[in-house]
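Listed below, chain by chain, are the residues.
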Amino acid sequence: MSRILLPTRKLVGRRKFLGLSMAGLGATLLGGCDRLSEAPQFLELLGSAEGLTYRMQRLLGGNALAREFSVADLSPDFKVNGTHAPDTPEYAAFQETGFANWRLRIDGLVAKPLDLSLADLRAMPQRTQITRHDCVEGWSAIGKWGGVPFSYFLKRVGADLGAKYVGFKCDDDYHTSIDMATALHPQTNLALTYDGQVLPAKYGYPVKLRMPTKLGHKNPKHIRAIYVTNTYPGGYWEDQGYNWFGGS
Ligand SMILES: Nc1nc2c(c(=O)[nH]1)N[C@H]1C(S)=C(S)[C@@H](COP(=O)(O)O)O[C@H]1N2
Ligand SMILES: [Mo]
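Not measured: the values here are computed from a predicted model.

Some points on the nonpolar core
Residues Leu 104, Leu 121, Phe 150, Phe 153, Val 166, Leu 190 and Ile 226 are the most contacted members of the largest nonpolar core, which totals 42 residues. Counting 7 residues, the second-largest nonpolar core is a separate cluster that includes Cys 170, Tyr 174, Leu 215 and Tyr 242.

Structure (structure tokens):
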């Protein structure tokens, strides 16, 4: 884990338990949460929010669409958070060969395990959307991502759409997971571009999962493997107390 550059690390101890419900409550509370966290009413609120079960969150969230924006709304300087470029020999080797040997591994509950190249992904139907990214650290930015609609992708690879979870393993050892309803959400996109250009390393090259319905930590960058499973996979931040559902 030490390879992941985490500007948030120093916050984790202090905000570890806050992370659990912060996501559910929305990132807006984060600004003044140090004071708030000492207020008894706030602790009660957190307690009840933490008590929400996954099923409740699903009921509350439904399958609503996240807002889409226009080019005029784009953030001029979209923040980079977490890993800028995975600091591994494998990623360095991919960089040296222009990612010609890079493959995205698909396994678990799929018709048969697959290894897809960037060319394979680029040959699939693409969609672009301008959406807002909200990080639990309390910042938001609007960006434009293009890529393969993930519902199309899952059908194409013969995923068992009745399975519970889709998990993601990243080149920096980051990992996360989502439920199948989120995976099939019409705005969930396997992003290959940012602002009309090939996705820069800092934003997750070669592939990132972009979900405007979910908080930043649910959006894995530098994905190397995608797997479909009925076993709860957790996640890097989620295992440390950040909300697993993390959105709507
Ligand atoms: N592989 C990987 N994915 C990651 C992270 C990371 O450190 N490594 N950080 C997460 C967090 S907390 C956020 S807010 C977003 C940041 O995405 P950005 O750098 O494109 O803004 O990536 C998410 N996905
Ligand atoms: Mo984040």
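On we go.
Looking at the sheet that holds strand β5 (residues 165-170)
Taken together, the 5 strands give an open sheet; going across it, the order is β2-β1-β10-β5-β6, and neighbouring strands pair in mixed fashion. Edge strands, defined here as strands with exactly one partner in the open sheet, are β2 (114-116) and β6 (175-179). Within this sheet the neighbouring strands show an average axis-to-axis angle of 20°, counted without direction.

Observations concerning the site of ligand 1
In the vicinity of ligand 1, 21 residues are found, and the nearest of them are Lys 79, Asn 81, Asp 172, Asn 219 and Lys 221. Backbone polar atom of Lys 79 to an oxygen atom of ligand 1: 2.7 Å apart, as the coordinates give it. Relative to its unbound accessible surface of 530 Å², ligand 1 loses 98% to contact with the protein. Its residues placed into classes, the shell around ligand 1 shows 9 nonpolar, 7 polar and 5 charged.

Observations regarding unusual backbone geometry
Between Tyr 205 and Pro 206 the backbone carries a cis peptide bond, its omega angle lying at 5°. Mapped onto the secondary structure, Pro 206 falls in the loop between β8 (197-198) and β9 (208-210). In this model, Phe 99 sits at a positive phi of 65°, which is unusual for a non-glycine residue. When you line up the elements, Phe 99 lands in the loop between α5 (89-96) and β1 (104-108). Overall, Phe 99 belongs to the buried group, its relative accessible area being 6%. The backbone of His 222 sits at a positive phi, close to 50°, despite the residue not being glycine. By the secondary structure assignment, His 222 is in the loop between β9 and β10 (223-229).

A few points about the pattern of salt bridges
Across all of its chains, the model carries 5 salt bridges by this definition. Where Arg 105 meets Asp 107, a salt bridge forms, and the shortest distance between an N and an O atom there is 3.3 Å. Assessed through its relative accessible area of 24%, Asp 107 is described here as partly exposed. Put simply, Asp 115 and Arg 105 hold a salt bridge, and the shortest N to O gap is 2.8 Å. Linking Asp 115 in strand β2 with Arg 105 in strand β1, this pair joins segments that are 10 residues apart in sequence. One salt-bridge network, held together by shared partners, links Arg 105, Asp 107 and Asp 115.

How each quantity is defined
Residues numbered from 1 in each chain as written. Chains lettered and ligands numbered in written order. Predicted model: local features only at pLDDT ≥ 70, side-chain atom pairs only at ≥ 80, totals over all residues. Heavy atoms only, no water. Core = buried A, V, L, I, M, F, W, Y, C linked by side-chain atoms within 4.5 Å. Buried < 20%, exposed > 50% of the residue type's maximum accessible area, 1.4 Å probe, protein only. Pairing = 2+ DSSP bridges. Helix = DSSP H or I, 4+ residues; strand = E, 2+ residues; numbered from the N terminus. Axes fitted to C-alpha atoms, helices over the stretch in contact; angles between N-to-C directions. Near = heavy atom within 4 Å. Polar contact = N/O pair within 3.5 Å; in protein donor to acceptor, adjacent residues only side chain to side chain. Areas by Shrake-Rupley, 256 points an atom, 1.4 Å probe, with all protein chains shown as cover. Nonpolar A, V, L, I, M, F, W, Y, C, P; charged D, E, K, R; others polar. Salt bridge = Lys/Arg side-chain N within 4 Å of Asp/Glu carboxyl O.

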